[in-house]
Amino acid sequence: MLLNPITYHAPKTIPEAAQLQAALEDARILAGGTFLLNNLKQLKKKGLKTPKNIVSLKNIPELRGISANENQLTIKSMTVINDIFNSPLLKDNFSVLKTVCRNISTNPIRNMATLGGNLTSRYTWTELGAVLIALEANMHFIGAAGQETVVSVEDFFKNNARSPGILTHVAIKRTKNQTFAYQRVRKMSYVDVPLLAICLRTTFQGDRFSDTRVAVNNCVNFARRDSTLEEFLNKSLSKNGVAEESLHHLDMALYDTRADEYKKAVFRVHLREAVKELITRKGKQHGNLHHQ
Amino acid sequence: MATFTINKRKYEVDLKGHETLLELLRDKLGLTGTKTSCQESECGACTVNIDKKAILSCITLAADMDGKEITTIEGLADEEDLHPVQQAFLDHGAAQCGFCIPGMIMSCKALLDANKEPTQEELEYALDGNICRCTGYLKIFEAVRGAGQVMKERDHVVKFADDLVKKQNVGGHSHLAGKQA
């Protein structure tokens, strides 16, 4: 057997799942399984301790789906990446999600991996953290006593991605005048090993950047903002040379990862391209670009 | 006890809870067409179809599939003929060692069920989870395009036949249904 013996639980409602999570000793939540099952196999191979219980969310239909109104997009936590990518609701500021989802791993993984697993798995290389920070998204949790906790994605990752219950959905406010750029660096193309993902957002006021967010996934730490670059861009005009100049205004700790010096130089190229992309996209929506 | 429909046949299986779908298929049910390879969700050799989507059985818990309909490579052909994707792989010489092929075919089928005329980019995107060490992929792409054409033509024929039956049932065309009473 590839996995160690484990007790499988399949709650049918969100409260039942939250109560099981709180009550069971040594339990892990199973969403799409793309992280958890590989992790369990690795732990077994190395002779390390594996959890005693698995709580699967697969049988809770209330945790699936995407909806939108004039103010907000709501994505339920068990929605798979390809369903997010294929959703016709990703318009306005939500359209950047299409580009991000397009670049996650491979097709069968995208058919299985969920929004909730991507955010709450506590792996630092997961994709959706940066873009949801740029979108100022909020995460909604239900605890064992039925209490709802709402936390911004930014604060969630500042708190080391600790979940205060079962993630039910992510909510994103709709805005119309924001411009986004997304750049992604990966180690190799045939098996997806991400190294860096950057999502930039700004609201152009004429030629001026404003209300800029720069969210960075460096795959070593949890996603967070580069406030140094944000501050620089918010004081800058979108003119020639600003992209190159921005490389001198970075929170360098974010980019000082375990990558070799060549890869760190590649990061700088992508950072520059991200700023250029932001300027080029002024007034346009994101599509479904595939980054190499 | 869990119930699965696999290749249109119902199975009731007593699961331990920690078997993967791949282990269930190969070790318990003898459906060895789905291959064990990397076991780390990177190669695609274990691909099956669930709800017409390509899914990796090596990272799927069998218990999670209780009540689901699963199609494996063994379920594609009908009693007399290979599925168009399988036939196309033969006709175009798209297999060499053959080990990746069941998973590759299942991903191709999932693609063509949704889109019978994929662009090259859509093709590569849909198959990006299936690694082939032998072929260089070109013959595989040709096979997928060929299978798509066959499936599209079959859809036309089926639709034509359905329309014909509908017309006959409502008696709308006397030269087909005979004179009305």
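Below: a short report on this structure. Predicted model, so just to flag it, every value in this text is computed and none were measured. (Residues numbered from 1 in each chain as written. Chains lettered and ligands numbered in written order. Predicted model: local features only at pLDDT ≥ 70, side-chain atom pairs only at ≥ 80, totals over all residues. Heavy atoms only, no water.)

**Considerations on the overall build of chain B**
This is how it is decided: Helix numbering and strand numbering both begin at the N terminus, where a helix is a DSSP run of H or I of at least 4 residues and a strand a DSSP run of E of at least 2. Note on exposure labels: buried denotes an accessible area under 20% of the residue type's maximum, exposed denotes more than 50%, and partly exposed covers the range between, all computed with a 1.4 Å probe on protein chains only. Whether two residues touch is decided by their heavy atoms; if any such pair falls within 4.5 Å, the residues are in contact. Note on areas: Shrake-Rupley, 1.4 Å probe, and residue coverage restricted to the protein chains presented here. Asp and Glu count as negative and Lys and Arg as positive, but His and the ends of the chain are not part of the count. Think of each charge as sitting on NZ of Lys, CZ of Arg, CG of Asp or CD of Glu.
Helix and strand counts for chain B come out as six helices and five strands. Ordered by position in the sequence, the α and β elements of chain B form the string β-β-α-β-β-β-α-α-α-α-α. Its C-alpha atoms put chain B at 65 × 45 × 25 Å along the principal axes. For chain B, the proportion of its 181 residues judged to be buried stands at 45%. Long-range contacts, defined as pairs at least 24 residues apart, comprise 55% of the intrachain contacts of chain B with a sequence gap of at least 6. Accessible surface, chain B: about 9500 Å² in total, of which carbon and sulfur atoms supply 50%. Separation between the mean location of the 21 positive side-chain charges and that of the 28 negative ones in chain B comes to 5 Å.

**Details of the overall build of chain A**
Basically, it comes down to this: To get the radius of gyration, use the C-alpha atoms; to get the globule rule, take the number of residues to the power 0.38 and multiply by 2.2 Å.
Across its full length, chain A holds twelve helices and twelve strands. For chain A, the C-alpha radius of gyration of 19 Å lies close to 19 Å, the compact-globule estimate for 292 residues. Structurally, chain A occupies a C-alpha span of about 60 × 45 × 30 Å along its principal axes. Sequence-distant contacts, at least 24 apart, represent 64% of the contacts inside chain A between residues at least 6 apart. By element, 50% of the accessible surface of chain A is carried by carbon and sulfur atoms, the whole surface being about 12500 Å². When the 40 basic and 26 acidic side-chain charges of chain A are each reduced to a single mean position, those positions are 6 Å apart.

**Re the side chain of E230 of chain A**
All names here are of chain A. Rules: Within 3.5 Å is the distance limit for a polar contact, defined as a pair of N or O atoms, with the added protein rule that one can donate a hydrogen and the other accept it, and that residues adjacent in sequence qualify only through two side-chain atoms.
The residue E230 is located in helix α9 (residues 227-234) in this model. Judged by its relative accessible area of 6%, E230 falls in the buried class. Polar side-chain contacts of E230 include one of 2.9 Å to the side chain of R225. Setting aside residues no more than four positions away along its own chain, E230 makes contact with T212, R213, V214 and R225.

**Re the pattern of salt bridges**
All names here are of chain A. For clarity, the threshold we go by: Just to be clear on terms, a salt bridge is a Lys or Arg side-chain nitrogen sitting within 4 Å of an Asp or Glu carboxyl oxygen.
Tallied over the entire structure, the rule returns 31 salt bridges over all chains. The partner of D92 in a salt bridge is K176, and the shortest N-O contact between them spans 3.2 Å. Here the residue D92 occupies a position in the loop between α3 (81-85) and α4 (96-102), and K176 occupies one in the loop between β8 (166-173) and β9 (178-186), the gap between them amounting to 84 residues. Here E136 makes a salt bridge to R201, at a shortest N to O gap of 2.6 Å. Placement of the pair is E136 in the loop between α7 (128-134) and β6 (138-142) and R201 in strand β10 (residues 194-203), with a sequence separation of 65 residues. By sharing partners, the salt bridges in this structure join E136, E154, K158, R201, D211, R213, R225 and E230 into a single network.

**Topic: the nonpolar core**
Residues and elements named next belong to chain A. The test is simple: Joining through side-chain atoms within 4.5 Å is the link that ties buried Ala, Val, Leu, Ile, Met, Phe, Trp, Tyr and Cys residues into a set, and such a set is a nonpolar core.
Counting 75 residues, the largest nonpolar core has L97, L128 and L132 as its most contacted members. The leading source of residues in this core is α7, at six residues. With sequence-adjacent residues up to four places away left out, L132 is seen in contact with L97, L115, L119, A137, V153, V170 and I172.

**Brief notes about helix α2 (residues 36-45) of chain A**
All names here are of chain A. Here α2 lies mainly inside the structure; seven of its ten residues are buried. Listed as buried for α2 are L36, L37, N38, N39, L40, K41 and L43. Where the residues of α2 are buried, they touch β2 (27-30) and β3 (53-56). Of the residues trailing α2, G47 is marked for its positive phi of about 70 degrees.

**What to know about the environment of L237 of chain A**
Residues and elements named next belong to chain A. Take L237: it is sitting in the loop between α9 and α10 (242-246). Measuring from C-alpha to C-alpha, the distance between L237 and D207 comes to 5.4 Å, with 30 residues separating the pair along the chain. Apart from residues no more than four positions distant in its own chain, L237 is found in contact with D207, R208, F209 and V242.

**Let's talk about the interface of chain A and chain B**
Counted only if it meets this: Values labelled buried area give the accessible surface lost by two parts on being combined, using a 1.4 Å probe and summing over both. Side-chain classes are defined by residue name, with Ala, Val, Leu, Ile, Met, Phe, Trp, Tyr, Cys and Pro counting as nonpolar, Asp, Glu, Lys and Arg as charged, and the others, Gly among them, as polar.
If you look at the interface, chain A gives 35 residues, while chain B gives 26 residues. For the pairing of chain A and chain B, the buried interface totals around 2700 Å² over both sides, and the portion due to carbon and sulfur atoms is 56%. The interface formed by chain A and chain B includes five salt bridges. Taking the shortest distance from any N to any O, the salt bridge between K45 of chain A and E40 of chain B comes out at 3.9 Å. Seen at the junction of chain A and chain B, the total is 17 residue pairs in polar contact (both at pLDDT 80 or more). Among the secondary structure elements, those contributing two or more residues to the side of chain A that touches chain B are α2, β3, α3, α4 and α5 (107-112) of chain A. Within the side of chain A that touches chain B, the residues separate by chemical class into 16 nonpolar, 13 polar and six charged.

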